[in-house]
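Survey of secondary and tertiary structure
Spelled out, the chains give:
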Amino acid sequence: MDTSRVSPGELVAGVSGLLLFVFLFLDWIGPFNAWEVFDFMDIVLAVIGLGTALLVGARMAGKDVGVPGGSALLLAVAGISAFWIVATFLIEGDERKIGLWLALLATIGLTYGGVNAGRGRVGGSATEPA
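A brief look at the structure comes next.

The next subject is a nonpolar patch on the surface. Together, Leu18, Val22, Leu50 and Leu54 make up an exposed nonpolar region whose accessible area comes to about 350 Å². Breaking the nonpolar patch down by element, the ones donating at least two residues are helix H1 (8–23) and helix H3 (41–60). Secondary-structure assignment places leucine 54 in helix H3. Since its relative accessible area comes to 62%, leucine 54 is described here as exposed.

In this section: the packing of helix H4 (residues 71–92) against helix H5 (residues 98–115). The N-to-C vectors of H4 and H5 enclose an angle of 155 degrees; their axes lie 7 Å apart at closest approach. Here H4 lies roughly antiparallel to H5, going by the angle between them. Here the hand of the crossing between H4 and H5 comes out left-handed. Of H5, the residues touching H4 (which contributes Ala72, Leu75, Ala76, Ala78, Gly79, Ile80, Ala82, Phe83, Val86, Ala87, Phe89 and Leu90) are Leu100, Trp101, Ala103, Leu104, Thr107, Ile108, Leu110, Thr111, Gly114 and Val115. When its residues are assigned to classes, the contact of H4 with H5 shows 18 nonpolar, four polar and no charged.

By the definition in use, this model includes seven aromatic pairs. A centroid spacing of 5.4 Å and a plane angle of 75 degrees characterise the contact between phenylalanine 83 and tryptophan 84, whose relative ring orientation is edge-to-face. Classification of phenylalanine 83 by relative accessible area gives partly exposed; the value is 24%. Three or more aromatic residues link up through ring pairs in this structure, and these residues are Phe21, Phe25 and Trp35.

Another aspect to go through is the pattern of salt bridges. Going through the model one piece at a time under the given rule, you end up with two salt bridges. Put simply, arginine 5 and aspartate 2 hold a salt bridge, and the shortest N to O gap is 3.9 Å. Among the residues examined, arginine 5 registers a relative accessible area of 39% and is labelled partly exposed. Notably, a salt bridge pairs arginine 59 with glutamate 10, separated by 3.0 Å at the nearest N-O pair. In this pair, arginine 59 is assigned in helix H3 and glutamate 10 in helix H1, connecting sequence segments 49 residues apart. Like glutamate 10, arginine 59 is buried.

Definitions and limits used
- Residues numbered from 1 in each chain as written.
- Predicted model: local features only at pLDDT ≥ 70, side-chain atom pairs only at ≥ 80, totals over all residues.
- Heavy atoms only, no water.
- Patch = residues over 30% accessible without salt bridge, like charges linked within 9 Å, V, L, I, M, F, W, Y side chains within 5 Å.
- Areas by Shrake-Rupley, 256 points an atom, 1.4 Å probe, with all protein chains shown as cover.
- Salt bridge = Lys/Arg side-chain N within 4 Å of Asp/Glu carboxyl O.
- Helix = DSSP H or I, 4+ residues; strand = E, 2+ residues; numbered from the N terminus.
- Buried < 20%, exposed > 50% of the residue type's maximum accessible area, 1.4 Å probe, protein only.
- Axes fitted to C-alpha atoms, helices over the stretch in contact; angles between N-to-C directions.
- Parallel < 35°, antiparallel > 145°, perpendicular 65-115°, else oblique.
- Left-handed = near helix turned anticlockwise from the far one by under 90°.
- Contact = heavy atoms within 4.5 Å.
- Nonpolar A, V, L, I, M, F, W, Y, C, P; charged D, E, K, R; others polar.
- Phe/Tyr/Trp six-rings, centres within 6.5 Å; stacked < 30°, edge-to-face > 60°.

That is the geometry; function is a separate question.
Written out as structure tokens, the structure reads:
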């Protein structure tokens with residue numbers, strides 16, 4: 001894994017995606033984690049978290065991942081989508097626990113990383129692989 005193959009924004013998005021997945025296992029509401037609270041959104045958040053981490057990991061490994069619209073756009077949309085899911089649950093929920101707050105921070109990091117994914121990459125743009 002070579003972190004010089006990805007931009008700092010992509011690296012932030014990848015780490016944030018992995019952390020989002022981990023935070024699904026912490027308590028979100030009362031004594032319940034995201035897997036116990038959600039019926040379907042936990043799977044969506046897991047796919048977003050692991051998907052972004054795998055995308056960035058593949059780029060760090062030197063694999064050319066052809067993503068329509070570019071990986072930066074995909075990362076930004078994934079981050080914004082995850083943010084709205086978590087923020088909505090934060091607004092509606094009671095007895096909020098640390099996992100929910102940490103997941104919100106992870107989605108902010110994912111969004112920030114996606115928006116800045118094209119910056120600082122040598123030899124590439126936000127829509128084309130380096």
